[in-house]
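# Observations on the model geometry
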Amino acid sequence: MTILDRRLLIVGGKGGTGKSSVAAALAELSAYRGKSTLLVSADGSPGAAGMFGVVPEHEATEVMRNLSVLQIGSSEALTEFIGLQLGPLGAIGKPVANAFSFVAEAAPGVSELLLVGKYAHEARSGSWDLVVVDAASSGHLLGELAAAQNVGEIAPVGRLARETGWMIALLGDPEITGVVNVTLAEEVPVSETIEFVDRLHDETPANLAAVVVNRTRPQLYARTRRSELDELLAHPPARMSIGSSGVFEAVQIGLDRADVASSIDARLRDALDEDVPVLHVPEFGVVESVPASVREAIADELSL
Amino acid sequence: MSSTSLREIIEGRSLLVVAGSGGVGKTTVSASLGLAAAQRLDGDVLVLTIDPARRLASALGIDIEGNEAVAVPVPGSSTANLYAAMLDPGPAWDAMITREASTDVAERILANPVYRRIADTFVHGNDYAALGWLDEAIESDRYRLIIVDTPPSQNALDFFDAPDRVAEFFGSSLLGWLTGGDGTFVGGAAAKTFATLADKLLGAEFFADVVEFFQLMNSVVPGMVERTSAVASDLAGDDAAFVAVTAPAKNVVSRLDALAESLAERELTFDAVVVNGVEPDVFGKPKVLDVATRIVTNSSSPLTAAQTALIAPGADYVRERCEVAQQQRDVLDALPAETVSTIPRLVHSPTDIDGLLWLGEHLWSGG
């Protein structure tokens, strides 16, 4: 089973790791593979859904063959939920919805639950083969994914609590739902990913599908060449120019950085269960659309 | 360049607010400035972090629990008085409630099932709890300098808006409309429909808890808002300085512009900008770029053919980083602030006390 064989992929990660670009790349790849795909931005900005040349709206908009995008926020999700539950409320609908959204903000987990409920609903609607979510950053995402359980505990009766059962089942089925964490091969992001993975397991019903190490660099040197180079750097030619000795110094910095990145990468690999794939994606910058090279890199990593 | 150094800014103030978007190293900068200040200033220095990650504690080699300020041993200095505290929003809210409410009301609030989670889920809950905590730290008058490591957010100044938002949240006329004066629902079709809806969706008991919670909070909120507003004004006052931390990249610096704009609305400015992760000087030397290019293109390389072939992939990396260094210089030149300190991109980012001491020294001596 590859990560794209699920019905719902929730992509989260620390700010600045490129999680939106990765979510967009996964969705685009899925569409290219012929799957009917919905890309949802759910972190309060156009994010991934905004990378395809249209301003995403609350309704799904097709942006290319097999790919539609939408952006959701908790207030739209709430209005929609009230409409679904009670039918049209007429003139008093607006103040009632306002009042309810006020209480929903106060009531722990309710607005998170409605947000998750919206994308979970899309995933079980049968309209899509795969729903990819550009989700909130790590801390908020844990709160969202735990909301169904929390609301069930704190408000065990009522229609909202009744809605939590199917959501927990859908989020908790590893064949259906997977969480993708996007990180960088750097000390702090990897530490946060390891913490996120532990908390995902302890606090939410959802399962980790993969970790994406974004902006990785290819290894500069194979092992044998590397020892030759280390030898050269340790014993540089005598009487080098300022430029040459600068290059030697700078190359050494590059090698040291690569070594640190590899050891951090190894630490990440060790901290994760063996069956969790770790995907390495090269740098592709801030993009309008996802470059084919990146799609291919992800496809390679997924062995598709 | 710098008209006032970071050192002079810190020496002249009692509050330092460190702001910036996520992932730029705010916590690291806050901790290292705390260490540097504790070594050099008379009096106690406190670093308060609101970032829930435990990195500050682990980097400083201490264990922080609850909201207690913990003494940080500073290697090589027996006189440095550094304390660190990490906001734990739950107990911080409890402390605010206990301080403001009568014993009876406080007990009922603390026992209300809605209360326990509200501080965590209310959008400004953490910021607000931090202000409450800070109020106590300032009032205690025990610190010469307090450094506040603000939470990463879209807008770091949410922190300052927290008292207003809390006042708005609890004081809303909508709430009055909902709960009436005495806990009964006011009449009118909309209110009745609402009550029916809330019962249906959330269950009557839960809804009753929500209403009780808001009613109890009515007696507590004015005092809390008053105290935290006072702290927010302290943070915007003459004794406070703002330090922005950013990365040397256009898209990160542009988020700084947004922050600068909201500061300007309060007639405030950044006192200093710390740019973290600048390529080391070697990548900025034209001669290095020149030699790297000659090696990569294998045209008049200063090395033997074998050496040139061997080092070429590394030289290609050097060439790329030289270009990045040039872009970073352009970004640095365009920074609006007068006091700009830079932190080089280090092979090992500082994750222990030695790294932080080095960084503190670096920033203190002019960055």
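Residues numbered from 1 in each chain as written. Chains lettered and ligands numbered in written order. Predicted model: local features only at pLDDT ≥ 70, side-chain atom pairs only at ≥ 80, totals over all residues. Heavy atoms only, no water.

## Quick word on the overall build of chain A
- Broken down by element type, chain A carries ten helices and eight strands.
- Here chain A holds 304 residues, and 53% of them are scored as buried.
- Working note: accessible area of chain A is about 12,700 Å², and carbon and sulfur atoms make up 50% of it. (Helix = DSSP H or I, 4+ residues; strand = E, 2+ residues; numbered from the N terminus. Buried < 20%, exposed > 50% of the residue type's maximum accessible area, 1.4 Å probe, protein only. Areas by Shrake-Rupley, 256 points an atom, 1.4 Å probe, with all protein chains shown as cover.)

## Here's the deal with unusual backbone geometry
Residue and element names in this part refer to chain B.
- Of note in the backbone geometry, Asn-298 takes a positive phi value of approximately 50° without being a glycine.
- Assessed through its relative accessible area of 56%, Asn-298 is described here as exposed.
- Not every positive phi belongs to a glycine, and Ser-300 is a case in point at roughly 45°.
- One can find Ser-300 in the loop between helix 14 (286-296) and helix 15 (305-333).

## Here we look at the packing of aromatic side chains
Residues and elements named next belong to chain B.
- Within the structure shown, the criterion is met by two aromatic pairs over all chains.
- A centroid spacing of 6.1 Å and a plane angle of 70° characterise the contact between Tyr-83 and Tyr-143, whose relative ring orientation is edge-to-face. Note that Tyr-83 is positioned in strand 4 (residues 82-86) and Tyr-143 in strand 5 (residues 143-149), a separation of 60 residues in sequence. As far as the burial class goes, Tyr-83 and Tyr-143 line up, both buried. (Phe/Tyr/Trp six-rings, centres within 6.5 Å; stacked < 30°, edge-to-face > 60°.)

## Side note on the domain arrangement of chain B
- Looking at the assigned domains, one finds that chain B contains domain 1 (6-172 + 219-271 + 337-364) and domain 2 (283-327).
- Taken over C-alpha atoms, the centre of domain 1 of chain B sits 44 Å from the centre of domain 2 of chain B. (Domains from an automatic or database assignment.)

## Notes on the sheet that holds strand 2 (residues 37-41) of chain A
Residue and element names in this part refer to chain A.
- The eight strands lie next to each other as 3-4-2-5-1-6-7-8, forming an open sheet whose pairing is mixed. Where the open sheet ends on each side, the last strands, each with one partner, are strand 3 (61-64) and strand 8 (278-282). When the angles between neighbouring strand axes are averaged without regard to direction, this sheet yields 25°.
- Bridge count between strand 6 (residues 177-184) and strand 7 (residues 208-216): six bridges; the pairing is parallel. Residue pairing for strand 7: Val-182 is matched across the bridge by Val-212. (Pairing = 2+ DSSP bridges. Axes fitted to C-alpha atoms, helices over the stretch in contact; angles between N-to-C directions.)

## A word on the environment of A:Glu187
- Along the chain, the position of A:Glu187 falls in helix 7 (residues 187-203).
- Among the residues examined, A:Glu187 registers a relative accessible area of 26% and is labelled partly exposed.
- When the C-alpha atoms of A:Glu187 and A:Leu268 are compared, they prove to be 9.9 Å apart, with 81 residues separating the residues in sequence.
- Beyond its immediate chain neighbours, meaning those up to four positions away, A:Glu187 contacts A:Ile264, A:Arg267, B:Ser349 and B:Thr351.
- At 2.8 Å, the side chain of A:Glu187 and the side chain of A:Arg267 are in polar contact. (Contact = heavy atoms within 4.5 Å. Polar contact = N/O pair within 3.5 Å; in protein donor to acceptor, adjacent residues only side chain to side chain.)

## Re the nonpolar core
- Counting residues in hydrophobic clusters, the biggest one holds 63 residues, and the most contacted among them are B:Ile97, B:Ile109 and B:Leu235.
- Those residues in contact with B:Leu235 that lie beyond four places of it in its chain are B:Leu15, B:Val17, B:Leu131, B:Leu134, B:Phe159, B:Phe160, B:Ala240 and B:Phe242.
- Among the nonpolar cores identified, the runner-up in size contains 52 residues, and A:Met167, A:Val197, A:Leu208 and A:Val260 belong to it. (Core = buried A, V, L, I, M, F, W, Y, C linked by side-chain atoms within 4.5 Å.)

## Let's talk about helix 12 (residues 221-235) of chain B
- With 15 residues, helix 12 of chain B should reach 21 Å at 1.5 Å per residue; the first-to-last C-alpha distance of 21 Å fits that figure.
- Among the residues of helix 12 of chain B, those classed as buried are B:Val221, B:Gly223, B:Met224, B:Val225, B:Thr228, B:Val231, B:Ala232 and B:Leu235. (Expected span 1.5 Å × (residues − 1).)

## Details of the packing of helix 9 (residues 242-271) of chain A against helix 14 of chain B
- Contact geometry for helix 9 of chain A and helix 14 of chain B: axes closest at 8 Å, N-to-C directions at 80°. Judged by the inter-axis angle, helix 9 of chain A sits roughly perpendicular to helix 14 of chain B. Residues A:Ile242, A:Gly243, A:Ser244, A:Gly246 and A:Val247 of helix 9 of chain A touch helix 14 of chain B, and the partners they reach there are B:Lys287, B:Val288, B:Val291, B:Ala292 and B:Ile295. (Parallel < 35°, antiparallel > 145°, perpendicular 65-115°, else oblique.)

## Considering the side chain of A:Arg257
- Positionally, A:Arg257 belongs in helix 9.
- Overall, A:Arg257 belongs to the buried group, its relative accessible area being 7%.
- When near neighbours in sequence (up to four residues on either side) are disregarded, A:Arg257 contacts B:Glu279, B:Pro280, B:Phe283, B:Tyr317, B:Arg321, B:Arg345 and B:Val347.

## As for the environment of B:Leu46
Residue and element names in this part refer to chain B.
- Residue placement: Leu-46 occurs in strand 2 (residues 44-49).
- The sequence separation of Leu-46 and Tyr-83 amounts to 37 residues, and the corresponding C-alpha distance is 4.6 Å.
- Setting aside its immediate chain neighbours within four residues, Leu-46 contacts Ala-69, Tyr-83, Ala-84, Ala-85, Trp-133, Ala-137, Tyr-143, Leu-145, Ile-146 and Ile-147.

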